[in-house]
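Working through the structure, step by step
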Amino acid sequence: MGSSVDMRCPIPSATQVTEIVWYNERLNSKPYDLRWDPMYDGRVEYRGTTVKDCILRITDLRQNDIATYYFRYKTNQNSEWKYSYGFTLSLTDLKVERIYYNTLSCSTTCTLTGNPTYIWYKNGQHLDESTSPQYKDPVPSNYEDSYSCAGEGHEDLHSPAVCAQGQNCWSVTYTKRRICVLKGSTVNISCSYTHPT
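Scoring rules and cut-offs
Residues numbered from 1 in each chain as written. Predicted model: local features only at pLDDT ≥ 70, side-chain atom pairs only at ≥ 80, totals over all residues. Heavy atoms only, no water. Pairing = 2+ DSSP bridges. Helix = DSSP H or I, 4+ residues; strand = E, 2+ residues; numbered from the N terminus. Axes fitted to C-alpha atoms, helices over the stretch in contact; angles between N-to-C directions. Phe/Tyr/Trp six-rings, centres within 6.5 Å; stacked < 30°, edge-to-face > 60°. Buried < 20%, exposed > 50% of the residue type's maximum accessible area, 1.4 Å probe, protein only. Lys NZ or Arg CZ within 6 Å of the ring centre and 35° of its normal. pLDDT = per-residue confidence, 0-100. Salt bridge = Lys/Arg side-chain N within 4 Å of Asp/Glu carboxyl O. Core = buried A, V, L, I, M, F, W, Y, C linked by side-chain atoms within 4.5 Å. Disulfide = S-S within 2.5 Å.

The next subject is the pairing of strand β10 (residues 95-100). In terms of strand pairing, β10 meets strand β11 (residues 103-107) through five bridges, oriented antiparallel. In the strand pairing of β11, Y100 is matched with T103. Adjacent in sequence and paired antiparallel, β10 and β11 are bridged by two residues.

In C-alpha cells, the structure reads:
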C-alpha cells in the first residue's frame, strides 16, 4: 500500500482521441469520472496526451482501490462514446518465506507486472538486489539474524522481517511509516513489538 500505478489505454494507433474518461463504477447508468470521485481526491491524474497516450495514474494506493477500471473515449471521426475492456487492479503485500535452509523467497499474493527488482535486507541493512524473488545467503546466519525484502522504488515498504533458522525474534511494527508535521512541532510515534517466547 502507499505506492502508485499507471494504466495505459489501448487505443488503436491510427485513432486520434479528443476526449477520455476513466471510471470504475456506474452512477445512474453513466460512467463516473474518477477525477471527481471524493474517494480519489488528490490521488488521480490523467497523464500523457489524449491523442495517443492516455494514462491513468493512481497514487497512494489503498485497499479500497481494488477494482476493475474502464475508460471511454471519443475520436475526431466519431462523437459517440466508445468503451474499453477493463483493467483489474490487485494490491499485495510482500512476505518472506523460507524455501530451504539458506534460501528465502520474497512472495506476493498476485503476480507483479513488469520485471520487478527485489531488494533484500539482513538485520535492516541492505544486502542484495535481484530480479529473482529468491535469495540464497552464502553466509551461515546467526539465530538472531532477520531478513526482509522490498520492491525497487518502494524501499520504505519492507515486508515483515523473518528470523533466521526459523526462530522467533524481536520485531517492531510502527503504526504509521510516514508522518508529516510542521518543523518545530511535537510528534508521537507509536509502535508495537513482539519478542521471543
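That covers the picture; the talk isn't over yet.
Moving on, we get to the sheet that holds strand β5 (residues 44-47). Spatially, β1-β6-β5 is the arrangement adopted by the three strands of the open sheet, whose pairing is antiparallel. Among the strands making up the open sheet, the edge pair consists of β1 (5-8) and β5. With strand direction ignored, the average angle separating the axes of adjacent strands in the sheet is 20 degrees.

This model, assessed by the stated rule, comprises six aromatic pairs. When the centroid spacing of 5.6 Å and the interplanar angle of 25 degrees are considered together, the rings of Y23 and Y70 count as stacked. Of this pair, Y23 sits in strand β2 (residues 17-23) while Y70 sits in strand β7 (residues 67-75); the two residues are 47 residues apart in sequence, bridging distant segments of the chain. A residue is classified by how much of its surface remains accessible, and Y70, at 30% relative accessible area, is partly exposed. A centroid spacing of 6.4 Å and a plane angle of 80 degrees characterise the contact between Y40 and Y69, whose relative ring orientation is edge-to-face. Taken together, the residues span a long stretch of sequence, with Y40 in the loop between β4 (30-31) and β5 and Y69 in strand β7 at a distance of 29 residues. Look at Y40 and you get buried, because its relative accessible area is 1%. Of the residues examined, Y69 reaches a relative accessible area of 0% and is grouped as buried. An aromatic cluster of three or more residues is present, and its members are W22, F71, Y73 and F87. For the cation-ring pair, R72 lies above W81, with the distance from its terminal atom to the ring centre recorded as 3.8 Å.

Turning next to the confidence of the model for the protein chain. Looking at the protein chain as a whole, its pLDDT mean stands at 78, while 79% of the residues score no less than 70. Across the protein chain, the element-wise mean pLDDT spans from 56 in strand β3 (residues 26-27) up to 91 in strand β12 (residues 118-122).

Positionally, G153 belongs in the loop between β15 (146-151) and β16 (162-163). You can call G153 exposed: its relative accessible area is 53%. Taking the C-alpha atoms as reference, G153 lies 8.9 Å from T117; in sequence the two are 36 residues apart.

Below, the discussion takes up the pattern of salt bridges. Overall, the coordinates contain seven salt bridges when judged by the stated rule. Among the ionic pairs, R43 bridges to D65, the shortest N-O distance being 2.8 Å. Taken as a pair, R43 in the loop between β4 and β5 and D65 in the loop between β6 (55-58) and β7 lie far apart in primary sequence, 22 residues in all. For E97, the salt bridge goes to K95, with nearest N and O atoms at 3.7 Å. On the accessibility criterion, K95 (47% relative accessible area) is partly exposed.

Tracing the sequence through the fold places G151 in strand β15. A residue is classified by how much of its surface remains accessible, and G151, at 19% relative accessible area, is buried.

Ranked by size, the top nonpolar core spans 20 residues in total, and within it I11, I20, L56, I58 and Y69 carry the most contacts. Those elements giving two or more residues to this core turn out to be β1, β2, β6 and β7. Sorting elements by how many residues they give to this core places β7 first, with four residues. Listed in part, the nine residues of the second largest apolar core include V96, L104, W120 and Y135.

In total, this model carries one disulfide according to the counting rule given. In this model, C106 is linked to C149 through a disulfide, with the two sulfur atoms separated by 2.0 Å. Between C106 and C149 the sulfur-sulfur dihedral comes to about 75 degrees; the bridge is accordingly right-handed. Of the two residues, C106 sits in strand β11 while C149 sits in strand β15, which places them 43 residues apart along the sequence. Residues C106 and C149 agree in their burial class; the two are buried.

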